[in-house]
Amino acid sequence: MQNWPGLIKAYKKWLPVTEKTPVISLKEGATPLLLLESISRRIGKGVKVYAKYDGLNPTGSFKDRGMTMAISKAKEEGCEAVICASTGNTSASAAAYARRGGMKAFVLIPDGYVAQGKLAQALVYGAEVLAIRGNFDQALEIVQEASKNYPLTLVNSVNPYRLQGQKTASFEIIDCLGDAPDLLCIPMGNAGNISAYWMGFKEYYKANISKKLPKMIGFQAKNSAPLVENKIIENPETIATAIRIGNPVNKQKAIKAKIDSKGDFYTVSDDEIVQAYKILGKEEGIFCEPASAASVAGLLKIKDKVLAESTIVCVLTGNGLKDPECAINNNDALFYNDLNPNIKEIVKIMGF
Ligand code: F0G
């Protein structure tokens, strides 16, 4: 939409903003809802599967929805510096919005476990990057403590404005489909996004804009699945580094979303994630990051439980360009290198 004003302005009556709130925006939101024909065919039964492609936000992930709100409110409150822990996307988004708002951004990341594209973003956006010998959960404990004791605004998803901004994705889905889907499939890390989507669906339902509520189906990577296993995972591991989290801070909200929506949580293995990642790329023309592919991997895994004629939305949370290493190491492409610049040799390889 040419005149899309960014999500705060578009949905301001649903958000805790006033005329006085300085809107710090990169015109996030209004991301495409794409019909996934190949995935729908794989599920069968007349089911329609859509992707909410939130990797097309300005910094390449859904975090921008929450960050425009969190940073605008921080600015309104006179904040000069923000802090977050991150597996990468939050840090990229926090850095971009904080700098745009004239604030400092301190980001704590698990050293060696942040995809290259995300680290590159935080650096270019001018964050102060602090890489710890530890995991995301440890980084989050530190930033929570630091923000209590120093003049720093915490912009992880414990900041309620983050979830307020992120709930607008549900509004967009309903605005597009005319009603809520039957199932919402979503990857879970710190479990803020599933909680935000549920809040958005409930608000439109209460206002009679939608006629139904979806079942919230959350997916975690197999060795990083504290919500499925109902216990803290001390050393989470997965190829989907974005959701390599062992102690989700929004645990209670996510469990409530699951129970209230009659949804469920499941695990997906790294192999299943990579499989879905490849299908999305090769058959749908969609390049998402591995954590995002967990939603489609999960749907394919539970396809026998899906009711005929259902409408399903899978949330693709981040852009594939974020993690080039995963892409290079996980594809079925034919890649010939070290070739002579000779047309005969080239067309021979092409099979002519
Ligand atoms: N997908 C992607 C691409 C993510 O970056 C994240 C979280 C999630 C899914 C899970 O969302 O935490 O709300 O359940 N990334 C955070 C970060 C932790 O630091 O960028 P969640």
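See the structure above.
Reading guide: rules and limits
Residues numbered from 1 in each chain as written. Predicted model: local features only at pLDDT ≥ 70, side-chain atom pairs only at ≥ 80, totals over all residues. Heavy atoms only, no water. Near = heavy atom within 4 Å. Polar contact = N/O pair within 3.5 Å; in protein donor to acceptor, adjacent residues only side chain to side chain. Areas by Shrake-Rupley, 256 points an atom, 1.4 Å probe, with all protein chains shown as cover. 1 Å grid on protein atoms, 1.4 Å probe; cavity = no way out; pocket = protein on both sides within 12 Å on 5 of 7 lines; lining within 4 Å. Sits in = over half its atoms within 2 Å of the grid points. Nonpolar A, V, L, I, M, F, W, Y, C, P; charged D, E, K, R; others polar. Domains from an automatic or database assignment. Points joined across faces, edges and corners; volume = space filled by probe spheres on them. Helix = DSSP H or I, 4+ residues; strand = E, 2+ residues; numbered from the N terminus. Core = buried A, V, L, I, M, F, W, Y, C linked by side-chain atoms within 4.5 Å. Buried < 20%, exposed > 50% of the residue type's maximum accessible area, 1.4 Å probe, protein only. Contact = heavy atoms within 4.5 Å.

Notes on the site of the ligand
- Around the ligand, the structure places 20 residues, and the nearest of them are S86, T90, N190, A191 and T317.
- In the environment of the ligand, an oxygen atom lies 2.8 Å from a nitrogen or oxygen atom belonging to the side chain of N89.
- Between the ligand and T90, the relevant distance is 2.8 Å, taken from an oxygen atom to a main-chain nitrogen or oxygen of the residue.
- For the ligand, the accessible surface in isolation is 470 Å², of which the surrounding protein chains cover 99%.
- The site holding the ligand turns out to be the largest cavity.
- The residue inventory of the shell around the ligand, partitioned by class, reads 8 nonpolar, 10 polar and 2 charged.
- Shared between two domains, the shell around the ligand takes at least three residues from each, and those domains are domain 1 (7-61 + 162-329) and domain 2 (63-159).

Some words on empty space enclosed by the protein
- Per the stated rule, a full pass over the model turns up 1 cavity of 30 Å³ or more.
- The space that makes up the largest cavity amounts to roughly 320 Å³.
- In terms of lining residues, the largest cavity is bounded by 27 residues, among which F62, K63, G189, N190 and A242 are the most central.
- The element contributing the most residues to the lining of the largest cavity is helix α9 (residues 192-206), with 3 residues.
- Among the residues forming the lining of the largest cavity, the class breakdown is 11 nonpolar, 13 polar and 3 charged.

Quick look at the nonpolar core
- Grouped together as the largest cluster of nonpolar side chains are 37 residues, with contacts concentrated most on L36, I39, V49, V296, L299, I312 and L316.
- It is helix α13 (residues 290-301) that contributes the most residues to this core, 6 residues altogether.
- The residues contacting V49, other than those within four sequence positions of it, are L34, L35, L36, I39, S40, I43, L299, I312 and C314.
- Within the second largest apolar cluster, 31 residues are counted, among which are L7, Y11, L15 and F201.

Honestly, that's just the spatial picture; any functional story needs more than this.
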